[in-house]
Amino acid sequence: MVSTDIGKIALLSGNEAVAQGAYEAGVKVACSYPGTPSTEILEYLAQFPEVDSQWSVNEKVAFEVALSSAIGGLRSLYASKHVGVNVAMDPLMTSAYVGVNAGFVVVSCDDPGIHSSQNEQDNRLIARMAKIPLLEPSSPAEAKEFVKTAFKLSERFDTPVMVRLTTRIAHTRENVKLGKRREIPQKEFNVNVAKYVMVPRNAYNRHIALEKRLLKLKAYAEKSPLNRIELNSKKLGFIVDSVSYLYVKEMYPDASFLKLGFSFPFPEEKVKEFARQVKELYVIEELEPFLEEHIRMLGIKVRARDPSFRIGELRPEYIPNIVKGKKKTEPGWTARKPVMCPGCPHRPVFWVLKKSKAVVTGDIGCYTLGALPPLSSLHSCLCMGSGITFFEGWRKALGKNVVGVIGDSTFVHAGVPALINLSYNKTKGLIIILDNGTTAMTGNQPHPATGITIKGTPTKRLSLEDVCRACGADNVDVINPHNVKELEAVVKKRIDEDALSVIIARAPCVLLERKRAGVPEFQKEECKKCYICLSIDCPAIYKTEDGYIRIKREWCTGCNLCVEVCPTGALVKNEEQ
Amino acid sequence: MKNNETINILFCGIGGQGVLKASELCCLAALFDGYHVKKSEVHGMAQRGGSVESHVRFGKLVYSPLIPCGMVDYLLPLHRDEHERLKHFLKHGGIDLLQWLEKAETADKKYLNTYMVGVLSRFLPIKENSWLRALEVAFSHKKYDYNKHLFLRARREVQL
Ligand SMILES: Cc1ncc(C[n+]2csc(CCOP(=O)(O)OP(=O)(O)O)c2C)c(N)n1
């Protein structure tokens, strides 16, 4: 796309800039599992033949493959959304002990405001807990430079380095100058049991080494140009990090700033120096009071946000209210209700589940939209894999009328151990894998069961049928969910059976295969205005002013679910192609 | 355009209408004219029918990626409900392009975005050549001629 345009100014998103920075820094291995808002980092890196990029099975695997590549001597990168870092928490927490050898950068994209996530956790706290340095760019152009710095720091201090973006940085575009890639020779690897085998005694010694390293990193952070004092009017001073810097700068361009780009280990002396120079000191940040608590611990008098601003994303227009000490007035959710696409293969499954009156344990993906009215037939969603584990708990508590659903990508990510657990612990009942052949929610990435790599090349395809059988499922039925009657019959049968059953509801995502069949015909005379067709929540069908139904021709895919559910024959299948 | 001035444009509509394409065109054109550009977008989980908004800002140096509420210079809606939802972002004396939406709908429902960008272009200090370059980059070879035609038609039809 742009790799050859050295010196060119391109409009890059924060994610693309992270990837471009890693590329220029000579990254050799990059691993991730998709997730909004981090997905595009790996998609951008995948275009470069010099970089061994992969969609890993999940974030834990991604982290370990990238870290071990770095230990082996290759500059490596891990990227995920904030909650993905939770899945990688186990290796992350010990990674600071073992260190890296070649540079290893951990990119975390947090989601303040919960644009597309299950929570809005603040991963600055995770960097501190894992005891790894934390870099926080404010914009895409900075993100590129910070990633290059992160690789250098990682090698210099022998530690993983976290670069943290938020949705607002990851998904903002701005002018970014493209640079040349620097090839970094592979670092020599030597077997070192004391450093790389974390048994208690070695780990204890490595903890000692880690604490020493943190002191050195702190001294470095005090001098780092990433922590910058901008002196202006000394009446008002702001300590800020991340995108908050830009919001405050926008609203108070004449104030003084301490912009923290290297915020852990915390540059205490720099903060004291700045505090001495300004009359009134504020700290403004998004989500947790991470900077605020550090500053207060130093005994510095500082004004901070009302705690109501710890919820949700900051916006520039909030800043004056924060400065005035006001509480946040919740803007409320005014955006339109999201909805499954016309022709989505998940829709008929939820229609059938709704009719079955089952309690449905759900998971994360496009299909989570099945929870919203009028379908209203998904009743739990916590984290990836929980569609199956919650099934086990609710089946214990609520009995037979529980069904678990999970997407194909999610099943491979975290559902397999959960399914083994069902079988091992003698749980019976029905799990439905919604197999649309892609990771749709995050923009249609391939996964192991698609048989395609991140570079679009064919690879071994994981057979979901075989996996389910091997995990211990007694019955595995593969059904095209657009055959609603068949699906309904099998669901009914399997719910009641004394067996562990999996139905693989398999039909491609409509965004993947843009096939179009004829738009159903509407026969006005037959319509009794019962509106059952509207209860499938298809954006291509709507009620007109005369109370009759109309289908948006430009949106309809001809999936015929509306024809299937219409009890009076007012909607008729159109055989033309 | 004054030295430290930033021009703020809010694009809004629903998934599938090409809101992001419209804002991309504007950003590219501003980029080609040598401005510092920031574009930030909010789109929920849905591919079809969800709310989509895109903030575009350009000038000599732009700070916030979001336009502060009440500071929008130009509001470019592709959908009336979304216009209703976001019109309070417009500043006093800001320009609401809603009045051209109907014209865009008669021109071509499928490319409301291109027509509306043509309208917008009349108000902005960006050279026509940069707009045409932006169209060339943003559209495939097949679609370029038609979109250029639509863009220029809108540009002609706007009476300032
Ligand atoms: C730990 C974690 N990693 C990644 C994500 C982002 N994410 C949410 S759902 C999902 C997968 C969706 O794919 P699939 O299960 O196939 O369902 P589909 O969207 O295709 O219906 C991903 C990657 C997340 N929420 N949590």
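Definitions and limits used
Residues numbered from 1 in each chain as written. Chains lettered and ligands numbered in written order. Predicted model: local features only at pLDDT ≥ 70, side-chain atom pairs only at ≥ 80, totals over all residues. Heavy atoms only, no water. Helix = DSSP H or I, 4+ residues; strand = E, 2+ residues; numbered from the N terminus. Rg over C-alpha atoms; globule rule 2.2 N^0.38 Å. Core = buried A, V, L, I, M, F, W, Y, C linked by side-chain atoms within 4.5 Å. Buried < 20%, exposed > 50% of the residue type's maximum accessible area, 1.4 Å probe, protein only. Domains from an automatic or database assignment. pLDDT = per-residue confidence, 0-100. Pairing = 2+ DSSP bridges. Axes fitted to C-alpha atoms, helices over the stretch in contact; angles between N-to-C directions. Parallel < 35°, antiparallel > 145°, perpendicular 65-115°, else oblique. Left-handed = near helix turned anticlockwise from the far one by under 90°. Contact = heavy atoms within 4.5 Å. Nonpolar A, V, L, I, M, F, W, Y, C, P; charged D, E, K, R; others polar. Expected span 1.5 Å × (residues − 1). Arc of directions from axis to C-beta. Polar contact = N/O pair within 3.5 Å; in protein donor to acceptor, adjacent residues only side chain to side chain. Near = heavy atom within 4 Å. Areas by Shrake-Rupley, 256 points an atom, 1.4 Å probe, with all protein chains shown as cover. Buried area = accessible area lost by both parts, 1.4 Å probe. Salt bridge = Lys/Arg side-chain N within 4 Å of Asp/Glu carboxyl O.

*Asks:* Help me get a handle on the overall build of chain B, residues and values and all.
*Replies:* Counting its secondary structure elements, chain B contains six helices and five strands. Listing each helix as α and each strand as β along chain B from the N terminus yields β-α-β-β-β-α-β-α-α-α-α. Over its C-alpha atoms chain B spans a radius of gyration of 14 Å, differing by no more than 12% from the 15 Å that the globule rule assigns to 160 residues. In terms of principal-axis extent, the alpha carbons of chain B reach across some 40 × 35 × 30 Å.

*Asks:* Break down the nonpolar core for me, citing the residues and quoting the values.
*Replies:* As a rule of thumb, nonpolar side chains are buried together in soluble globular proteins. Residue and element names in this part refer to chain A. In this structure, I41, L45, L77 and F238 are the most contacted members of the largest nonpolar core, which totals 104 residues. The element contributing the most residues to this core is helix α7 (residues 140-157), with seven residues. Summarising the domain contributions, this core has at least three residues from each of domain 1 (9-223) and domain 2 (227-323).

*Asks:* Outline unusual backbone geometry, supporting the account with residue identities and numerical values.
*Replies:* Residues and elements named next belong to chain A. Backbone torsion omega between T36 and P37 reads 10 degrees, so that peptide bond is classified as cis. Relative to the elements of secondary structure, P37 occurs in the loop between β2 (29-32) and α2 (40-45). Omega for the peptide link from F264 to P265 comes to -10 degrees, which places this bond in the cis form. The residue P265 is located in the loop between β12 (262-264) and α12 (268-277) in this model. With phi around 75 degrees, N101 is a residue other than glycine that occupies positive phi space. Mapped onto the fold, N101 is located in the loop between α5 (89-98) and β5 (104-110). With a phi angle near 65 degrees, K131 is a residue other than glycine that sits in the positive phi range. Tracing the chain through its elements places K131 in the loop between α6 (124-130) and β6 (134-135). Taking relative accessible area as the criterion, K131 reaches 25% and is therefore assigned partly exposed.

*Asks:* Describe the confidence of the model for chain B, with residues and values.
*Replies:* In the predicted model, chain B carries a mean pLDDT of 93, and the fraction of residues at 70 or more is 95%. Two summary scores accompany this predicted model of the complex, namely pTM at 0.97 and ipTM at 0.96.

*Asks:* Explain the sheet that holds strand β4 (residues 76-81) of chain A to me, and be specific about the residues and the numbers.
*Replies:* If you walk across this open sheet you meet the seven strands as β3-β2-β4-β5-β7-β6-β12 (chain A), and the pairing is mixed. Single-partner strands in this sheet number two, and they are β3 (52-55) and β12 of chain A.

*Asks:* An account of the packing of helix α1 (residues 19-32) of chain B against helix α5 (residues 128-138) of chain B is needed here, citing residue identities and associated values.
*Replies:* Relative orientation and spacing of two packed helices are given, respectively, by the angle between their axes and the distance between those axes. All names here are of chain B. For the pair α1 and α5, the least separation of the axes is 8 Å and the interaxial angle reads 130 degrees. Comparing the axis directions of α1 and α5 gives the class oblique. Crossing geometry of α1 relative to α5 is assigned as right-handed. In contact with K21, E24, L25, C26, L28, A29 and F32 of α1, α5 contributes S130, W131, R133, A134, L135, V137 and A138. Each residue belonging to the contact of α1 with α5 can be placed in one class, and the counts come to 10 nonpolar, one polar and three charged.

*Asks:* With reference to specific residues and values, describe helix α19 (residues 484-496) of chain A.
*Replies:* Residues and elements named next belong to chain A. Taking 1.5 Å of rise per residue, 13 residues should cover 18 Å, and α19 covers 19 Å from first to last C-alpha, within 8% of that figure. Every buried residue of α19 is accounted for by V484, L487, V490, V491, R494 and I495. Along the long axis of α19, the arc covered by the buried residues comes to 130 degrees, so they all point the same way. What points out from α19, more than 90 degrees from its buried face, is the exposed set K485, K492 and D496.

*Asks:* So what about the side chain of B:S51? Which residues, and what values?
*Replies:* Tracing the backbone through its elements, the reader meets B:S51 in strand β3 (residues 51-59). Here the side chain of B:S51 touches A:R336 through a polar contact of 2.7 Å, landing on its backbone nitrogen. Engagement of the side chain of B:S51 in a polar contact is seen with the side chain of B:E82, the distance being 3.1 Å.

*Asks:* Break down the site of the ligand for me, with residues and values.
*Replies:* Residues and elements named next belong to chain A. The ligand sits among 25 residues. The nearest are E59, H346, D408, T410 and A440. H346 is positioned such that a nitrogen or oxygen atom in its side chain is 2.7 Å from an oxygen atom of the ligand. A distance of 2.9 Å is found between an oxygen atom of the ligand and a side-chain nitrogen or oxygen belonging to N436. Surface burial for the ligand is 98%, taken as the share of its 590 Å² of free accessible area covered by protein chains. The class makeup of the residues in the shell around the ligand is 10 nonpolar, 12 polar and three charged. In terms of domain composition, the shell around the ligand takes at least three residues from each of domain 1 (9-223) and domain 3 (346-513).

*Asks:* Report on the domain arrangement of chain A, specifying residues and quantitative values.
*Replies:* Put simply, an interface is often sized by how much accessible area is lost when its parts join up. Residue and element names in this part refer to chain A. Structurally, chain A comprises domain 1 (9-223), domain 2 (227-323), domain 3 (346-513) and domain 4 (521-572). Between domain 3 and domain 4, the C-alpha centre-to-centre distance is 28 Å. Taken together, the contacts link 10 residues of domain 3 with 12 residues of domain 4. The junction of domain 3 with domain 4 conceals about 920 Å² of combined surface from both sides, 66% of it contributed by carbon and sulfur atoms. A per-residue breakdown of the area domain 3 buries against domain 4 is headed by R347, W351 and P374, which together make up 55% of the total.

*Asks:* Describe the interface of chain A and chain B, naming the residues involved and giving the relevant values.
*Replies:* The partner chain B presents 34 residues to the 33 residues of chain A that form the contact. Of the roughly 3,100 Å² buried between chain A and chain B on both sides combined, carbon and sulfur atoms contribute 61%. Across the chain A-chain B interface, the total number found is two salt bridges. Scanning the region where chain A abuts chain B turns up 11 residue pairs in polar contact (both at pLDDT 80 or more). Mapped onto the side of chain A that touches chain B, the elements with two or more residues apiece are β1 (9-13), β8 (172-177) and α11 (244-251) of chain A. Looking at which element gives the most residues to the side of chain A that touches chain B, the answer is α11(A), with five residues.

*Asks:* How would you sum up the environment of A:Y531? Please name residues and give values.
*Replies:* All names here are of chain A. With respect to the helices and strands, Y531 occurs in the loop between β19 (521-522) and β20 (541-543). Since its relative accessible area comes to 25%, Y531 is described here as partly exposed. For the pair Y531 and P567, spaced 36 residues apart in the sequence, the C-alpha separation amounts to 9.9 Å. Setting aside anything within four residues of it in sequence, one finds Y531 in contact with K543, G547 and I549. For Y531, the side chain forms a polar contact with the main-chain oxygen of G547, separated by 2.7 Å.

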